[in-house]
Amino acid sequence: MAKGQVAITVERCKGCGFCVEFCPTHVLALSSAFNSKGYHPPHVVAGEKCSGCDLCGMYCPDFAIFGARNAR
Amino acid sequence: MSEAILDVPLNATNPVEPFLRMDRMPHIWCPACGIGTTVNCFARALESSKLNLNKVAIVSGIGCTGRVAGYANLDSFHTTHGRAIPFATGLKLSNPELQVVVYSGDGDLFAIGGNHFIHAARRNMDIKVICVNNLTYAMTGGQTGPATPTEVISATSPYGVFEPSFNLVQLAEAAGASYVARWTTYHVKQLSRAMEEVLHRKGFCFIEVLSPCPTLYQRRNKMGDGLDAMKFYKQVSKVRNGAPTGECALTRAGEIVVGKFVDRERPDYLELLQHQMKETLGNRYADPEITTCSEG
Amino acid sequence: MHADPKGVLTGVHFLDGDHACCEGTLAAGARFAAGYPITPSTEVVERFAWRIPTVGGIFIQMEDELAASIAIQGAVWGGAKAFTVTSGPGFSLMMEHIGYAAITETPCVFIDVQRGGPSTGLPTLPAQADMMQARWGSHGDYSIIALCPNSPQECFDLTVTGFNLAEEFRVPVMMMLDECVGHMTEKVIIPESDQIAITPRRYTHQSPEEFRLFKPREDLVPDMVKAGDGYKFHVTGLTHDEHGYPSMNVETQDKLVRRMQDKLKPFTNGRALFEGVDLDDAEVVVVSYGITSRVAQRATQMARAQGVRAGIFRLISAWPFPEQHIRELAGRVKAFVVPELNMGQMVHEVERHAAGRAKTISVPHAGGTVHKPEVILQAILEAAR
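This section reports on the structure supplied with the text. Remember, it's a predicted structure, so these values are computed and weren't measured experimentally.

What counts, and at which threshold
- Residues numbered from 1 in each chain as written.
- Chains lettered and ligands numbered in written order.
- Predicted model: local features only at pLDDT ≥ 70, side-chain atom pairs only at ≥ 80, totals over all residues.
- Axes fitted to C-alpha atoms, helices over the stretch in contact; angles between N-to-C directions.
- Helix = DSSP H or I, 4+ residues; strand = E, 2+ residues; numbered from the N terminus.
- Parallel < 35°, antiparallel > 145°, perpendicular 65-115°, else oblique.
- Left-handed = near helix turned anticlockwise from the far one by under 90°.
- Contact = placed C-beta atoms within 7 Å.
- Nonpolar A, V, L, I, M, F, W, Y, C, P; charged D, E, K, R; others polar.
- Pairing = 2+ DSSP bridges.

So, about the packing of helix α1 (residues 17-28) of chain C against helix α6 (residues 152-169) of chain C. Residues and elements named next belong to chain C. Between α1 and α6, the least distance of the axes is 7 Å, while the angle of their chain directions is 30°. One element, α1, and the other, α6, form an angle in the roughly parallel class. Of the two elements, α1 crosses α6, and the hand of that crossing is right-handed. Facing Gly-17, Ala-20, Cys-21, Glu-23, Gly-24, Thr-25, Ala-27 and Ala-28 of α1, the residues of α6 in contact are Pro-152, Gln-153, Cys-155, Phe-156, Thr-159, Val-160 and Phe-163. Partitioning the contact of α1 with α6 into residue classes produces nine nonpolar, five polar and one charged.

Okay, the interface of chain C and chain B next. Opposite the 51 residues of chain C that make contact, chain B presents 42 residues. Secondary structure elements with two or more residues in the side of chain C that touches chain B: β2 (32-35), α2 (42-55), β3 (58-61), α3 (65-78), α4 (88-104) and β10 (234-236) of chain C. Of all the elements, α3(C) adds the most residues to the side of chain C that touches chain B, at 10 residues. The residue inventory of the side of chain C that touches chain B, partitioned by class, reads 27 nonpolar, 14 polar and 10 charged. Across three bridges, strand β2 (residues 75-78) of chain B lies against β10(C) in parallel orientation. Note on β10(C): the bridge partner recorded for B:Phe77 is C:Val235.

All names here are of chain C. An order of β11-β13-β12-β15-β16 is seen for the five strands of this open sheet, with the pairing classed as mixed. Each edge of the sheet is formed by a strand with only one pairing partner; in this case those strands are β11 (274-277) and β16 (359-363). Across the sheet, the mean angle separating the axes of adjacent strands is 20° when strand polarity is ignored. With three bridges joining them, strand β12 (residues 284-288) and strand β15 (residues 335-339) adopt parallel strand pairing. Among the inter-strand pairings, Val-284 is bridged to a residue of β15, identified as Ala-335.

Below, the discussion takes up the pairing of strand β6 (residues 122-126) of chain C. All names here are of chain C. With two bridges connecting them, strand β5 (residues 108-116) and β6 associate as antiparallel partners. By the bridge assignment for β6, Gly-116 is matched with Leu-122. Between β5 and the antiparallel strand that follows it, β6, lie five residues; Ser-119 among them carries a positive phi value of about 55°.

Turning to the sheet that holds β10(C), a few remarks are in order. Taking strand neighbours across the sheet as the criterion, the nine strands line up as β7(B)-β8(B)-β5(B)-β6(B)-β4(B)-β3(B)-β1(B)-β2(B)-β10(C) in an open arrangement whose pairing is mixed. Looking at strand neighbours, the two that pair on one side only are β7 (237-239) of chain B together with β10 of chain C, the edges of this open sheet. Taken over all neighbouring pairs, the strand axes of this sheet differ in orientation by 20° on average, direction set aside. Here strand β1 (residues 56-60) of chain B pairs with β2(B) via four bridges, running parallel. Residue B:Ile58 lies in a different strand from β2(B), and its bridge partner there is B:Ser76.

This is how it looks when you write it as structure tokens:
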């Protein structure tokens, strides 16, 4: 089981790509899906690598994603 | 409205939400604008500072960064262009219990607000100034500001800026600031730590944060989008804590020196005032009890 | 509520208007002032700087009038009663922030000791040429209250009144002195603190969840709050809703701008401050204010001695303009004579409200000294013909 998970509020995302770029373990990629505003939000492509460090959360300018460590 | 698309820890909310006026989301900033990132860092700093948030006040000027006050879940003041610092001065002096944070942009703080910046720094007024420097007047369409580097194209310099620009950290140090640091929106951890540090520090503290303006600055100068700016910051930034601020000037595409440059102890304005008054007036000096003068 | 004795210099004094004005601020409960030196107003803050450390408060000389005029507003939101002082050139610089105080409904006091203008003009000599500016100087639609003392005693009394009105209506108040009144020295009686009525700030009793900083009570004025009490409120100069959040649309603008105007209506006529002398049988009414009213008093006496039934309507609250009183007088007098130390400012209000039912005669003066009584007398006599 991964050390952490991310939670994404899809409708807030503006597809800037910061979280995808700066996730240290490359958990995320921009999806080909659209949210209702026409942006491509991120989705998890390597969830088992997520450490719950929340760097994605710190970078997000739209408060659309955050990471949390799973309870041990 | 929280709509997660994956299985998430139950009852999880973004830890930043208690620090924001969620009833006002979404905010007005563009996709990949860095201001939201700085606010994210600020929210985390507020949380880890363990300060009583009833006693933290935020004051902004006018501009894109000026909108931060409206989104922060604190006693907040969106004042006039360039005058956040004198407003903050009055607020702090009447109610010294407050930790007063000025959160504004490069044009607001250093062009129209320049005079107020240098005097508050000179006085070592106990306020914390966070300057989001996107190197332009973004709200009004991307005009040249005093921090816009030479050779940059802007709305009012269509043939390229030829004026020399300010080195904000050098200016802050020269004016007398107790604490001077520069980070970028790439340096989220360091920025958040620096914000937390100043929240617990007395005196005039200044943090410059370089931030992308993809819609205007990046686009006009063919520098890509916000993500390209972030990658650029990562690539050309050098952390040099304690570097002489005179060596930290910014250019269009050159090295960005980041770090904490100044951290010195100086008595702040109120300490100086009280000391002087007590020395000259002795026990005739009446401690200011200003907040009670308006009550019934 | 009564004045805090710490700020009240009870006694019989010999003070000039500027000094008396300062004592008025202290008696009113002002414990924060920010200013910038400008003749002929500087003595007000010089005295405050000297007095306040033993009363308990702060004076800060800011780097310019732009800073001073907004520092006081920061102080108000921190919980202080605050004021600034200036003259013409500084008043011009403060205009943006007077508008900010108006739209944010920040109770504070701006003291303008008027001098010859425009621009640097006559720094040490009197004029009354900022009267229209006091009302209209900032951009946009807003309303303020302006009071005109005509003696050092009134500089004390009306300053207290000014602070009280600021709190009652959550509005910036302009104290329109002039260099003569500011620099003339007369007897000033400062009573015991329990004889001085003070209007406290109307802090809300609602909880942070219920409270809306810009939701008015029945009298169209919202309650106040101060930073640090957990209300987490927002103040902005943008057009805003009852929350204080920016709401930049036609509907909100209409609502806000109208309410800001309407909230002063109770003060405008029914509670207008004025002095009426010999108005009952008057055929000519001299409308004046400030130092000019002292000269007008003499001229009116001289007119009466010559058999002309002259009376005085002295504006004490110049803004909002007491239009109803002028309308009522216009219905029964021959003429208004309006001497001013300017080229005609308040006379336009008089004429407008007289609406042609009585003649309105301006007695202008470019400033620098006061009218000679004979000049005003001449105008009265001509008006009576």
